[in-house]
Structures are given as structure tokens and as C-alpha cells.
Amino acid sequence: MEHAVTRYRCTHLAEALQVEGHTADVTWIGAPVIRIDHDIVVLHRICANREGIALADAVERSGATLIYGTDDIVFDANTPGVPSFLHGHAPLHATMLRRAHAALTSTDRLADAVRVLQPVVRTVPNVPGKQLIALSNAARTRRTIHHQPRVAYLSGSATHNADFALLEQSLAAPLSRGDFQLRLVGEVALPRELADSARNIQRYPIVPWTELPDLLSNISVNLAPLESTPFNAGKSAIKWQEAALVGVPTAASDFGPYADSIRHNETGLLASDPDAWKRNILWLCKNPKEGIVLAEAARYRILALSAALPEQAAATLYEFSEFSQETRKPVVFRNSHGFVKSVAKKALGRA
């Protein structure tokens, strides 16, 4: 499965630049050989470890602009909410961020955090790519309204346990009554108050992203809770985007990316306390046709953002080109250490 971190920030941006007629290639820090023959090189979440420094050196030898890219606050372990597994490499990310000519982020809130270390920063938002849109269009045609509503929370990892725990009070009573079926996807812990309602809960493993539209098309309500931390404030509203593309409405936290992206009662529903969460979820369960109207309005908005990405990405990268040297030369970066390390990490399931 291609990780969303690289899919949204590397593959989608490369596709957008290609639409505008630019040459854009995507490579992997663990590749044994990387040829650098570009005006701009974006190191997405590449820190100043041994291979990161060597790659940055190669970029500078070529005369290209060096950009540090990120979609999370991975460069400051002191930011409240940063997962503990990111703490160790945070100083190395900060070093790379300072070294780069500029930074590229996914949200304006994240850009504000980056400016503490790198004053030159631009934002290009996360939006779905053409393949996900095509798969979602097909899944949307197969969508049906279920007699018993299906409310779902899709988690990519256990780091989202604190987010889902926000819904414990809101879900407990209606779930015990059987007002809806709860579907949990991925590694998410079940809060204690919901344990007695196990008969109304179904669990599913993480699926490849190409299967996500079909999975989403079989639910009634998409849940997007988000704990109010500075780390989470910089995230993107991807859960809302992916659900809306298949016609599924989202109930989300009135915070951060969702507060910035969703218009309450127009493109989704927002809540900031347990009572509001319960009202929103039950309303969407009882009014499926009205929920579809919200989802369709969101879908229209997201498709417009996606259509605007090529021009926006090209204009942003053009601004960065001012840092490139007038005379550039191709550089071949041989990365035997990084290649061996990356292969080992993948084999151990730590990639």
C-alpha cells in the first residue's frame, strides 16, 4: 500500500506539475542511485541523518533549489501532541528545515509553525489525485442507503486512539440501543464504555488505498474526530475529502483542518462537545438523503480544489526556482548505506 504521506505530497504534486507541462519525478530516499537533474528538489520529511545530509549535499552540488517538504510538525518535539515516535528525529528534521532554501507545507497552520525555523515557506494543500477520484466516482455509483445506518471511523494507526476516544460519551447510549452499527477500520482501541455494545461493532483491517472508495461507499456516516492539540491543528482534512468523493457525509471536530475546510450544515457537520457530536451523528443516521446533499456539496468543493492544484503547484514551485543557480549540472547520488538501511527496515516492518 502506498502511504498517504507520500501519495498526497509526492505523487499527487508530481501529477499536477506534469499537467502544467513540467518534468516531475518521484524517487525514494532508499533508492540505490538517484540522478539529480532538476531545477528544484523537494525532500519530503527527509531529515539530516547520514543519507539525508549526503542527498542534500548532492542537491547543492547540482545547483538545484533545495526544498524541505512536510505535512506534519515532525521538526519540534516540544509541540504538544507530537507522537513520541517522532521525538527522536525532530532535531534532525529541524536541521534540514534550516538548511533548505525554503519549505513546502500542506496547510497554512503548519506553515506558521515552520516559520519559526524557516522564513521562506509556501502552502500547497493536500487534495485527492486523479486515480482516487476515478475509483471514487465508480464506487459512488454503487452506493446505497442501508436500513440500519453504518457509522464508521477509519484509522491508519494506533496514534489516533486519543481522537476516537473523544466520541466515547457520544456513541455509548445510541450504540447500546442499536441505533446504528459502528464500523472500526484499522488499529484503534475500543473505549471502555463501548465494550458492552460489541454486538453492534464490526472491525476491519487497514485496506490498500485503492480499496478505500469501496469500503467508504458501504457506510452511512464518516466520523472525523480530532483531539485539540497544536500538532493536530496542522493536519489536513483528508478523511472528509475521501468520504465526500463517494457521497458519504462527515461528522467532524470543530477544530483545525475540519473547522478550516467544512462549512457546518453545508458540506458536513461540526461538533465541539459530546452532546453536539451525538446530535450530529443521529441526525445524519435519521436523514440519509439530507446527508447525501451535504456530501455532494463537499464533493463539488473538493473536485474544484483538485482541479486548481496543477496551476497552484506550478506557480508555487516557480517562486522557488529563484534559488536555483544559473548553471546546473547533473549529479548522480549513490546511496548504498541508505538503500541497505531502507531494505532492512522494510523487511522488519518498520518502514
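See above for the structure.
None of these values were measured; they are calculated from a predicted model. (Residues numbered from 1 in each chain as written. Predicted model: local features only at pLDDT ≥ 70, side-chain atom pairs only at ≥ 80, totals over all residues. Heavy atoms only, no water.)

**Q** It is not clear to me how the overall build of the protein chain should be interpreted in this structure. Could you clarify?
**A** Within the protein chain one finds 14 helices and 12 strands. In terms of C-alpha radius of gyration, the protein chain reaches 21 Å, essentially the compact-globule figure of 20 Å for 351 residues. Along the three orthogonal principal directions, the C-alpha set of the protein chain runs to about 70 × 40 × 35 Å. Counting every position in the protein chain, which comprises 351 residues, the buried fraction comes to 50%. For the protein chain, contacts bridging at least 24 residues in sequence account for 72% of all contacts bridging at least 6. Surface accessibility of the protein chain: about 16,600 Å² in total, with carbon and sulfur atoms responsible for 52%. Each charge sign in the protein chain was given a centre, from 37 positive and 35 negative side chains, and these centres are 5 Å apart. (Helix = DSSP H or I, 4+ residues; strand = E, 2+ residues; numbered from the N terminus. Rg over C-alpha atoms; globule rule 2.2 N^0.38 Å. Buried < 20%, exposed > 50% of the residue type's maximum accessible area, 1.4 Å probe, protein only. Contact = heavy atoms within 4.5 Å. Areas by Shrake-Rupley, 256 points an atom, 1.4 Å probe, with all protein chains shown as cover. Lys, Arg positive; Asp, Glu negative; His and termini not counted. Charge placed at Lys NZ, Arg CZ, Asp CG, Glu CD.)

**Q** What is the right way to look at the packing of aromatic side chains in this model?
**A** The relative placement of two aromatic rings is captured by the distance of their centres and the angle of their planes. Here the structure, examined in full by the defined rule, presents one aromatic pair. Arranged with centres 5.1 Å apart and planes meeting at 25 degrees, the rings of tyrosine 153 and phenylalanine 164 form a pair that is stacked. In this pair, tyrosine 153 sits in strand E6 (residues 150-154) while phenylalanine 164 sits in helix H6 (residues 161-165), placing the two residues 11 residues apart along the sequence. Over the face of the ring belonging to tyrosine 153 we find lysine 239, whose NZ or CZ atom lies 5.2 Å from the ring centre. (Phe/Tyr/Trp six-rings, centres within 6.5 Å; stacked < 30°, edge-to-face > 60°. Lys NZ or Arg CZ within 6 Å of the ring centre and 35° of its normal.)

**Q** Which parts of the structure should I look at to understand the sheet that holds strand E5 (residues 121-123)?
**A** Each strand in a sheet pairs with its neighbour through backbone hydrogen bonds, running either in the same direction (parallel) or in the opposite one (antiparallel). Taken together, four strands build an open sheet; the order of strands is E2-E3-E4-E5 and the sheet is parallel. Every interior strand has two partners, whereas the edge strands, strand E2 (40-44) and E5, have only one. Strand after strand, the sheet turns through a mean of 30 degrees between neighbouring axes, direction not considered. Pairing analysis gives five bridges linking E2 to strand E3 (residues 65-70), with the strands arranged parallel. The partner of leucine 43 across the bridge, within E3, is tyrosine 68. Running at roughly 140 degrees to E3, helix H2 (residues 50-62) makes contact with E2 and E3 of the sheet. Each of E2, E3, strand E4 (102-105) and E5 is contacted by helix H13 (residues 288-320), which is oriented at about 175 degrees to E5, the strand it contacts most. (Pairing = 2+ DSSP bridges. Axes fitted to C-alpha atoms, helices over the stretch in contact; angles between N-to-C directions.)

**Q** Help me understand the pairing of E2 in this model?
**A** Each regular strand shows side chains that alternate between the opposite faces of the sheet. For E2, a buried count of four out of five residues is recorded, marking the element as mostly surrounded by other parts of the structure. The β-α-β motif built from E2, the intervening H2 and the parallel element E3 has right-handed crossover chirality. (Right-handed = clockwise from strand over helix to strand, strands pointing away.)

**Q** Is there a simple way to explain the sheet that holds E6 in this structure?
**A** Reading across the sheet, the six strands line up as E8-E7-E6-E9-E10-E11 and stay open at both edges, with parallel pairing between neighbours. Two strands in the sheet have a free side with no partner beyond their single neighbour: strand E8 (201-204) and strand E11 (269-271). With strand direction ignored, the average angle separating the axes of adjacent strands in the sheet is 25 degrees. Across two bridges, the pairing between E6 and strand E9 (residues 221-224) is parallel.

**Q** Honestly, the environment of aspartate 196 in this entry has me stumped. Any pointers?
**A** Here aspartate 196 is to be found in the loop between strand E7 (181-185) and E8. Overall, aspartate 196 belongs to the exposed group, its relative accessible area being 71%. Note: C-alpha distance between aspartate 196 and leucine 175 (21 residues apart in sequence) is 9.4 Å.

**Q** Would you explain the side chain of glutamine 118 in this entry?
**A** Note on placement: glutamine 118 falls in the loop between helix H4 (108-114) and E5. Of the polar contacts made by the side chain of glutamine 118, one reaches the backbone oxygen of alanine 100; its length is 2.9 Å. Of note is the side chain of glutamine 118, whose polar atom sits 3.1 Å from the backbone nitrogen of valine 120. (Polar contact = N/O pair within 3.5 Å; in protein donor to acceptor, adjacent residues only side chain to side chain.)

**Q** Sorry if this is basic, but what is going on with helix H3 (residues 90-99) here?
**A** Helical geometry note: an α-helix holds 3.6 residues per turn, so side chains three or four residues apart project in the same direction. For H3, the set of buried residues is Ala90, His93, Ala94, Met96 and Leu97. For H3, the angular spread of the buried residues around the axis is 165 degrees, confining them to a single face. Residues of H3 that are buried make contact with E2, H2, E3, E4 and H4. (Arc of directions from axis to C-beta.)

**Q** Teacher, can you tell me more about the packing of helix H7 (residues 168-177) against helix H12 (residues 274-286) here?
**A** Helix-helix packing is described using two parameters, namely the angle between the two axes and the distance between the axes. Packing of H7 against H12 brings their axes to within 7 Å, and their N-to-C directions diverge by 40 degrees. By the criterion of interaxial angle, the relationship of H7 to H12 is oblique. On H12, the residues that touch Gln169, Ser170, Leu171, Ala173, Pro174 and Arg177 of H7 are Pro274, Trp277, Lys278, Ile281 and Leu282. (Parallel < 35°, antiparallel > 145°, perpendicular 65-115°, else oblique.)

**Q** How should I be thinking about the nonpolar core in this particular structure?
**A** Nonpolar side chains tend toward joint burial in soluble globular proteins. Formed by 31 residues in total, the largest nonpolar core has its most connected members in Ile36, Leu43 and Phe75. Where this core is concerned, the elements lending two or more residues are strand E1 (33-36), E2, H2, E3, H3, H4 and strand E12 (331-334). Top element by residues in this core is H2. It accounts for four residues. Setting aside its immediate chain neighbours within four residues, phenylalanine 75 contacts Thr70, Ala90, His93, Ala94, Leu97, Leu110, Ala113, Val114 and Leu117. Counting residues in each nonpolar core, the second largest holds 25 residues, with Leu167, Ala271, Ile281 and Leu294 among its members. (Core = buried A, V, L, I, M, F, W, Y, C linked by side-chain atoms within 4.5 Å.)

**Q** Help me understand unusual backbone geometry in this model?
**A** Backbone geometry follows two general trends: most residues other than glycine have a negative phi, and most peptide bonds adopt the trans configuration. The backbone of arginine 45 shows a phi angle near 55 degrees, a positive value even though the residue is not glycine. In this structure, arginine 45 sits in the loop between E2 and H2. Given the relative accessible area of 23%, arginine 45 is considered partly exposed. One non-glycine residue, asparagine 265, adopts positive backbone phi at about 70 degrees. Assignment of secondary structure puts asparagine 265 in the loop between helix H11 (256-261) and E11.

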